[in-house]
Amino acid sequence: MTGTKERQGGPGDWSGGQIAYYQARADEYDATYSTRMDMPRLAKALDSLPVGGDVLEIACGTGQWTRLLSHRALSLTALDAAPEMLRRARDRMRGTETRFIEADVFDWEPDRQYDTVFFAFWLSHVPPVEMEPFWDLLRWALVPGGRVVFLDDSPAKAEIEDRVEAAPVPAVHRTLADGSRHVAVKVLRDPTELTSQLSDLGWDARVEAIDPFHLAGVARPKEGA
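All values reported here derive from a predicted model rather than from experimental measurement.

Relative to the assigned elements, Asp204 resides in strand S9 (residues 203–211). Accessibility expressed as a relative area gives 46% for Asp204, which makes it partly exposed. If we skip the residues at most four places from it in the chain, Asp204 touches Val218, Ala219, Arg220 and Lys222.

See below:
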């Protein structure tokens, strides 16, 4: 894969394009955490969040967060749509009883329920048109009293993104080390606006800034919603 040609799954095929991007990015994904993420700060933020019991991680990637979750989970299930990512996650979690699922979460139905559903830097890849069905899925995936816990980018990250103009969903261009260009959904949500949106969708949510570039959230279904 060389040059700057858009790969299969351009702006008009947001889900397929996003999966293709993460398939191609698997070899260099971990480098992101050393160049763009303050992992010690983010890991400390995770320590303060209510993760426990039977845990489902959505969009586990190469297992950076899976490893941290494993120390707090009674059982751990990790889902990702890219087999290349899952191979690295399985290697990272070798010796544990982590259950891995290869699936596109937008076409997936859970086969059980969990105390905690966790995702890191995934919600910004959920386009506005999918927010309601995605959070309906999360509600179904939780046991009574369960919670959703997440970390993500804040709107301040917009300054480093290369936006796709006139895309059917908010999206950005991403260029890999081999020069190939890809498209990924990217919706940078303000904590206050996201809290309000989740309330409208039937969730009691607390979303707060961790630092100028990152946010953390905890959400529980409203009673009777």
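Continuing now.
A few words now on the sheet that holds strand S7 (residues 171–175). Two modes of strand pairing occur in sheets, parallel and antiparallel, and in both the strands are linked by backbone hydrogen bonds. Taken in spatial order, the 3 strands make up an open sheet running S6-S7-S8, and their pairing is antiparallel. Because the sheet does not close on itself, it has two edges, and the strands there are strand S6 (162–163) and strand S8 (181–185). Alignment of S6 against S7, held across 2 bridges, turns out to be antiparallel. When the sheet's bridge partners are listed, Asp162 is paired in S7 with His173. Here helix H1 (residues 14–25) sits on the sheet in contact with S7 and S8, set at roughly 125° to S8.

This part takes up the layout of surface pockets. To find the voids left in a structure, one rolls a probe of water-molecule size over its atoms. What the second largest pocket holds in volume is close to 170 Å³. For the second largest pocket, the full set of lining residues is Ser70, Ala73, Leu74, Ser75, Leu76, Thr77, Thr96, Glu97, Thr98, Arg99 and Arg112. Element by element, the count of residues in the lining of the second largest pocket is highest for strand S2 (residues 73–80), at 5 residues. Classifying every residue of the lining of the second largest pocket gives 3 nonpolar, 5 polar and 3 charged.

Looking now at empty space enclosed by the protein. Applying the stated rule across the entire model yields 3 cavities of 30 Å³ or more. In this structure, the largest cavity occupies an estimated 50 Å³ of space. What lines the largest cavity is simply Leu123, Ser124, Asp152, Asp153, Val187, Leu188, Arg189, Leu194 and Leu215. Across the lining of the largest cavity, the residue classes break down as 5 nonpolar, 1 polar and 3 charged.

Let us now look at helix H6 (residues 131–141). The complete set of buried residues in H6 reads Met131, Phe134, Trp135, Leu137, Leu138 and Ala141. The arc enclosing the buried residues of H6, seen along the axis, measures out at 150°, which places them on a common side. Those residues of H6 hidden inside the fold are in contact with strand S1 (53–58), strand S4 (114–120), strand S5 (142–153), helix H7 (191–200), S9 and strand S10 (214–221).

Further remarks concern the UniProt feature "domain: Methyltransferase" (unreviewed entry) in the protein. Mapped onto this structure's residue numbering, the UniProt feature "domain: Methyltransferase" (unreviewed entry) falls at residues 55–146. In residues 55–146, helix accounts for 30% and strand for 30%; the two terminal C-alpha atoms are 10 Å from one another.

This part takes up the packing of aromatic side chains. Considering all chains together, one arrives at 11 aromatic pairs under this definition. An aromatic cluster of three or more residues is present, and its members are Phe119, Phe134, Trp135, Phe150 and Trp203. Its guanidinium or amino end placed over the ring of Tyr114, Arg112 lies 4.6 Å from that ring's centre, counting from NZ or CZ.

Turning our attention to the pattern of salt bridges. Tallying each qualifying case throughout the model produces 10 salt bridges. Asp54 is the partner of Arg112 in a salt bridge, and the nearest nitrogen-oxygen pair spans 3.1 Å. On the criterion of sequence distance, the pair formed by Arg112 in the loop between strand S3 (99–102) and S4 and Asp54 in strand S1 is long-range, its members being 58 residues apart. With a closest N to O distance of 2.6 Å, Lys157 and Asp153 form a salt bridge. For Asp153, a relative accessible area of 4% translates into the label buried. When salt bridges that share partners are traced, they join Asp153, Lys157 and Lys186 into one network.

What counts as what
- Residues numbered from 1 in each chain as written.
- Predicted model: local features only at pLDDT ≥ 70, side-chain atom pairs only at ≥ 80, totals over all residues.
- Heavy atoms only, no water.
- Helix = DSSP H or I, 4+ residues; strand = E, 2+ residues; numbered from the N terminus.
- Buried < 20%, exposed > 50% of the residue type's maximum accessible area, 1.4 Å probe, protein only.
- Contact = heavy atoms within 4.5 Å.
- Pairing = 2+ DSSP bridges.
- Axes fitted to C-alpha atoms, helices over the stretch in contact; angles between N-to-C directions.
- 1 Å grid on protein atoms, 1.4 Å probe; cavity = no way out; pocket = protein on both sides within 12 Å on 5 of 7 lines; lining within 4 Å.
- Points joined across faces, edges and corners; volume = space filled by probe spheres on them.
- Nonpolar A, V, L, I, M, F, W, Y, C, P; charged D, E, K, R; others polar.
- Arc of directions from axis to C-beta.
- UniProt positions renumbered as here; feature names shortened; annotations may be inferred.
- Phe/Tyr/Trp six-rings, centres within 6.5 Å; stacked < 30°, edge-to-face > 60°.
- Lys NZ or Arg CZ within 6 Å of the ring centre and 35° of its normal.
- Salt bridge = Lys/Arg side-chain N within 4 Å of Asp/Glu carboxyl O.

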